[in-house]
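Reading the structure
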Amino acid sequence: MAAPSLPAIHASHSGCWLRGPLQNGLWSTRPVGKGEAIMAAADTPLLLLNAPLIASRLGYPDLSGLDLLELFAFIHPAQFMVPTPKGLAQALGLAEPRTDDGVPELLQAAAQVLLATCEDPAWAEREGAWSALQSLVRLRWPWAGLLAPRIAQPQRAERWLFTRLPEWEEAPERPQPAQIVLDEYAIAARLAELTGSGAEQRPAQQAYARAAGAMFAPRGQLHQPHMVLAQAGTGTGKTFGYLAPASLWAQQSGGTVWVSTYTKALQRQLRRESRAAFPPERAERTGPPVVVRKGRENYLCLLNLEDALQGGFTGRPAIMAQLVARWAAYSQDGDMIGGDLPGWLGTLFRKRGITALTDQRGECVYAGCPHFRKCFIERAARASAGAELVIANHALVMINAARAREPAQRPTRIVFDEGHHVFEAADSTFASALTGAETVELRRWVIGPEGSQRGRRRGLAARLADVASYDTDGARAIADAREAASALPGDGWLARIVEGAPFGPIEDLLAETRELVLARDESGGQEAGYGLETEAAQLGGSFIEVAGRAQEALEALRQPLVRLSLRLEALIEDAPDWLDGPARARIEGARGAIGWRTDLIAGWIALLARLGGPGDPEFVDWLALERSEGREWDIGLHRRYLDPMKPFAEAVLAGAHGVMMTSATLTDGAETQNGDWSNAVERSGAPQLGVRPEVFAAPSPFDYAKNAEVLIVTDVPKGDIPALANAYGRLIEASGGGALGLFTAIRRLRAVYGRIADRLARGGLPLFAQHVDPIDTGTLVDIFRDDPRASLLGTDALRDGVDVPGHSLRLVVMEQVPWPKPSILHRARRLAHAEKFGGDSRGGGQAHDDRIIRARLAQAFGRLIRTGSDRGHFVVLSSAFPSRLLSAFPPGTPVRRVTLDAALQSVAGSVSGGAAAPAAVDQTDETHP
């Protein structure tokens, strides 16, 4: 059946183009204004690509039409595609349009190819399509009418998704790994096997692999893991360097190695590169050799999906649920955040997004779920117990080590790649925050849905109904917990506080917190719209009194939860007849969830208990009012460890047998040159256990003197947004795109983007931006990587973990020196560092700040040169760049302080093949104003 001709529209910053029939029946593409484009879209369903992005380009948020991304997600679920005209053309084998005015014709051709696929007998994703389409017809999905005549009803009824998914199987507990010592020659042989016979010999990589092997030696003393700190510059070959001994140890010992990352990009890279080290064929183990583990909130919850498919979602979110169900049937592991679900799918549906289909609130009922045996999360957890390599993230490794339900799932051999982020991850993992948002979630977890709330959320009473009916003490504890939870903030809590009508002791505390933070604000309104904070010190009597009542309310909730946990433990030990395997697993899961929340409440109580007395030197406490773009969204009290490596050492290191922390920036640039590892060792947590780690360092093999240049631009006035935007625009034009722009503030990013995006687009240089374009960060990086003329603006998330080798990234521009935010937490750690290392609070504090800044600069510079053939410029648009920070850049890298015009000449000369002679570096030391 021939595909009908459909009108198509495309909009970019350089204009709008509409393709439709003329009066003589011929088709043509013509430029149109935004008003005409909006009218055309309102009158007739138009073909388009990425409706939210086109809507933002047109300034018409209600835009709808026949989005080819939705059609692609239906026909090719779990298949990657860059959501751009170029990406669409590549995915379907079509010719890429040379200019924007050729895009509408491409959209027509793509629609024909995709619709024709449905009639192809070789269509690989046919199963389940007809059944899904029937639901989409009822939901009036725009594509349903065009697909219906092309997808024939199968002769045999299609299986429902929840019957098609495979079940995981229980596996016997694995024995302890054998105690072995890796031979250096065997490590070298495994490394050579991984890199290939024709690979270049890299002595630094071989030395790195030998150093990594030390972490796998048998542990000699309790709570004394073998620790290795290994710094290896970009291009050393870290991944194969540690996978070589890791795979050798896993094979010979029968144990499991965990590799932990900070970014999802590195997780994807590890999954790809680990295939060489861990082949799927294994003689003595079942299941996959490599498993990717993430937090529960990353995976599709089948119970949430079932609720959405059966009426829990309506309108556009219901269409999204059907497309997600199509994906779930073909997904590798059900990972919705960074897995094989297209990152752009959720952004196509602006209400109730992808996160509504995950277990965001830890409400899993475990074996009480009808889909428990098919659960993606449980499958990954069980597969990791039998895997040789588990790829996870820092937060999950820390949480798993601290409170894993099964001892066998606690990691004992861990490689922390991106090790410079371990401190940051520990800081977040072991933090405590008594806020309105957190207490609302706790209330919902205990009580369940209230009023007109819908969805599958169930409170404690519903989740443990069988326990309550069997055990009188357990039933009483559940009832007491429900009553105590009613004192926690509920829906509308923030509005009540702002209006001066808080309800309950916790809302009273939050109202007092808000009033105190506003009273102590000294910004004079200059930071209006942004968060405010004040120390939890010198608090008045009324505040202490309110905090005491809040403490009593929390204790009233903690006590019945503790009793309930004890009753569940007794129930498991003296099991009744009805407590079969699934029921036992459900109760074990409930115990774990109750234990987690009991610890959470205990942390809040400890924070409140200290408000009336002296501060605890181990912690930093403060009050905060969280605001964003002029809107208040949370209020609360916060507590962080002054040194989060103390709980990290107790929870993670003490139970481990071998730990490696590796990165290109473990030590500060100035320290590297002097061989000083003191700060890196301190931030590893090793001193907390009295462990002396082995250290290793290898420089990058890249020729930075030849292939890179740092330009410090001295004539862009600070705070002058027009001048900043002009500098960014001209630099991107000089480089012909391929620029990564890094900002320290979202408002400046948006201001610059708004001033230069149209101008660049008219020159054929597309510009994308975080916090502006309705596209997730991972997809933005995919788009940037795919188009050498595109540029991308972003914030901290793009400063680290972005791997864009080759010509697509040839210019990195930072708006200013990335000074640390002068928060209460930062000030406390600055003073502590000064006392410990510097003695002089000013000098030692400056050294602490400089170390943070140099690390950020090094991480940002690391985006530029990813392979030996990469070339590019690193530009900082700030004259206030002290020379003491220059050691952040690799030795030998040319650094020049220049005017913007000189920087433009240098960037343009590099792109055209010229070379500018670097001048001597000005060593004068400007200080931070």
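Everything that follows concerns the structure shown earlier in this document.
Structure report, in brief. (Residues numbered from 1 in each chain as written. Predicted model: local features only at pLDDT ≥ 70, side-chain atom pairs only at ≥ 80, totals over all residues. Heavy atoms only, no water.)

Attention now goes to the overall build of the protein. Along the protein, the regular secondary structure elements total 36 helices and 23 strands. Rg of the C-alpha trace for the protein: 29 Å, near the compact-globule value of 30 Å for 929 residues, within the 12% margin. When the backbone C-alpha atoms are referred to their principal axes, the protein occupies close to 85 × 75 × 70 Å. A total of 929 residues make up the protein; the buried ones form 54% of that total. Summed over its atoms, the accessible surface of the protein is roughly 39,500 Å², and 51% of this surface lies on carbon and sulfur atoms. Averaged over its 99 positive side-chain charges, the protein has a centre that lies 3 Å from the centre of its 107 negative ones. (Helix = DSSP H or I, 4+ residues; strand = E, 2+ residues; numbered from the N terminus. Rg over C-alpha atoms; globule rule 2.2 N^0.38 Å. Buried < 20%, exposed > 50% of the residue type's maximum accessible area, 1.4 Å probe, protein only. Areas by Shrake-Rupley, 256 points an atom, 1.4 Å probe, with all protein chains shown as cover. Lys, Arg positive; Asp, Glu negative; His and termini not counted. Charge placed at Lys NZ, Arg CZ, Asp CG, Glu CD.)

With that out of the way, let us pick up the side chain of D471. Following the sequence through the fold, D471 ends up in the loop between helix 20 (465-470) and helix 21 (472-485). There is a polar contact of 3.4 Å between the side chain of D471 and the backbone nitrogen of D473. (Polar contact = N/O pair within 3.5 Å; in protein donor to acceptor, adjacent residues only side chain to side chain.)

With that out of the way, let us pick up the packing of helix 21 against helix 24 (residues 541-573). For the pair helix 21 and helix 24, the least separation of the axes is 8 Å and the interaxial angle reads 155 degrees. Taken as axis vectors, helix 21 and helix 24 run roughly antiparallel relative to one another. For the pair helix 21 and helix 24, the sense of crossing is left-handed. Together, D473, G474, R476, A477, I478, D480, A481, A484 and A485 of helix 21 and A556, L557, P560, L561, R563, L564 and R567 of helix 24 make up the contact between the two elements. Of the residues that constitute the contact of helix 21 with helix 24, the class distribution is 10 nonpolar, 1 polar and 5 charged. (Axes fitted to C-alpha atoms, helices over the stretch in contact; angles between N-to-C directions. Parallel < 35°, antiparallel > 145°, perpendicular 65-115°, else oblique. Left-handed = near helix turned anticlockwise from the far one by under 90°. Contact = heavy atoms within 4.5 Å. Nonpolar A, V, L, I, M, F, W, Y, C, P; charged D, E, K, R; others polar.)

Below, the discussion takes up unusual backbone geometry. The backbone of Q538 sits at a positive phi, close to 55 degrees, despite the residue not being glycine. Locating Q538 in the fold gives a position in the loop between strand 12 (532-535) and helix 24. We classify Q538 as exposed; its relative accessible area is 76%. In this structure, H771 takes a positive phi of about 65 degrees despite not being glycine. The topology assignment puts H771 in the loop between strand 19 (767-769) and helix 33 (777-786).

We now examine the sheet that holds strand 12. Remark on secondary structure: sheet strands pair via backbone hydrogen bonds, oriented parallel or antiparallel. Taken together, 4 strands build an open sheet; the order of strands is 11-14-13-12 and the sheet is antiparallel. Looking at which strands have only one partner, the edges of the open sheet turn out to be strand 11 (432-435) and strand 12. When strand polarity is set aside, the average angle formed by the axes of neighbouring strands in this sheet is 25 degrees. Of the strand pairs in this sheet, strand 11 and strand 14 (residues 631-641) are connected by 4 bridges, and their pairing is antiparallel. Looking across to strand 14, one finds that T435 is bridged to G636. (Pairing = 2+ DSSP bridges.)

Strand order in the open sheet formed by 7 strands is 8-9-7-10-15-6-16, and the pairing between neighbours is parallel. Both outer strands of the open sheet, strand 8 (290-292) and strand 16 (694-698), are each paired with one neighbouring strand and no more. Neighbour-to-neighbour, the strand axes of the sheet open up by a mean angle of 15 degrees, direction not taken into account. Relative to strand 15 (residues 658-663), strand 10 (residues 413-416) is paired through 4 bridges, and the arrangement is parallel. In the sheet register, F416 faces strand 15, and the bridge partner there is M661. Lying over the sheet, helix 11 (residues 238-253) contacts strand 6 (226-232), strand 7 (257-261), strand 9 (389-393), strand 10 and strand 15, oriented at roughly 165 degrees with respect to strand 15.

Now for the packing of aromatic side chains. Applying the stated criterion across every chain yields a total of 14 aromatic pairs. Judged by centre distance (4.5 Å) and plane angle (70 degrees), the rings of W160 and F162 are edge-to-face. Connected via pairs of aromatic rings, a cluster forms that spans F702, Y704, F861, F874, F881 and F889. The ring of W168 has R382 sitting right over it, with the charged end atom 3.9 Å from the ring centre. (Phe/Tyr/Trp six-rings, centres within 6.5 Å; stacked < 30°, edge-to-face > 60°. Lys NZ or Arg CZ within 6 Å of the ring centre and 35° of its normal.)

Attention now moves to the pattern of salt bridges. Under the counting rule described, the total for this entry stands at 36 salt bridges. R640 is the partner of D427 in a salt bridge, and the nearest nitrogen-oxygen pair spans 2.9 Å. Of this pair, D427 sits in helix 17 (residues 422-429) while R640 sits in strand 14; the two residues are 213 residues apart in sequence, bridging distant segments of the chain. Looking at D427, the relative accessible area reads 10%, which means it is buried. The partner of R799 in a salt bridge is D796, with the nearest N and O atoms 2.9 Å apart. Each member of the salt-bridge network shares a partner with another, and the members are E127, R159 and R164. (Salt bridge = Lys/Arg side-chain N within 4 Å of Asp/Glu carboxyl O.)

Let us now look at the nonpolar core. Ranked by size, the top nonpolar core spans 63 residues in total, and within it L68, F74, W143, L147, L300 and V324 carry the most contacts. Tallying contributions element by element places helix 14 (residues 316-328) first for this core, with 9 residues. Apart from the residues within four sequence positions on either side, W143 is in contact with L47, L66, D67, L68, L71 and A111. (Core = buried A, V, L, I, M, F, W, Y, C linked by side-chain atoms within 4.5 Å.)

What follows deals with the pairing of strand 13 (residues 619-628). With 8 of 10 residues buried, strand 13 lies mostly within the body of the structure. By the bridge criterion, 4 bridges tie strand 12 to strand 13 in an arrangement that is antiparallel. Bridge pairing links E533 to A624 in strand 13. Bridging between strand 13 and strand 14 involves 10 bridges; their strand directions are antiparallel. Its bridge partner lying in strand 14, L623 is registered against L637. The antiparallel pairing of strand 13 with strand 14 creates a hairpin that spans 2 residues between the two strands, and E629 there sits at a positive phi of about 50 degrees.

It is worth spelling out a positive patch on the surface at this point. Side chains of K264, R268, R272 and R275 sit close together on the surface and give a patch of like positive charge. Within the secondary structure, R275 is located in helix 12 (residues 264-277). (Patch = residues over 30% accessible without salt bridge, like charges linked within 9 Å, V, L, I, M, F, W, Y side chains within 5 Å.)

Attention now moves to the pairing of strand 20 (residues 791-794). Covered by surrounding structure in strand 20 are S791 and L793 together with L792 and G794, the residues of both alternating faces. As defined by bridge partners, strand 18 (residues 739-742) adjoins strand 20 across 3 bridges and the pair is classed as parallel. The partner of L742 across the bridge, within strand 20, is G794. As paired elements, strand 19 and strand 20 share 3 bridges and run parallel to each other. Each residue of the ladder has a partner; that of F768, found in strand 20, is L792.

Between helix 6 (residues 129-138) and helix 14, the shortest axis-to-axis distance is 10 Å and the interhelical angle comes to 175 degrees. Here helix 6 lies roughly antiparallel to helix 14, going by the angle between them. Along the contact surface, helix 6 presents A129, A132, S135 and L136, while helix 14 presents I319, Q322 and R326. Of the residues assigned to the contact of helix 6 with helix 14, the class counts are 4 nonpolar, 2 polar and 1 charged.

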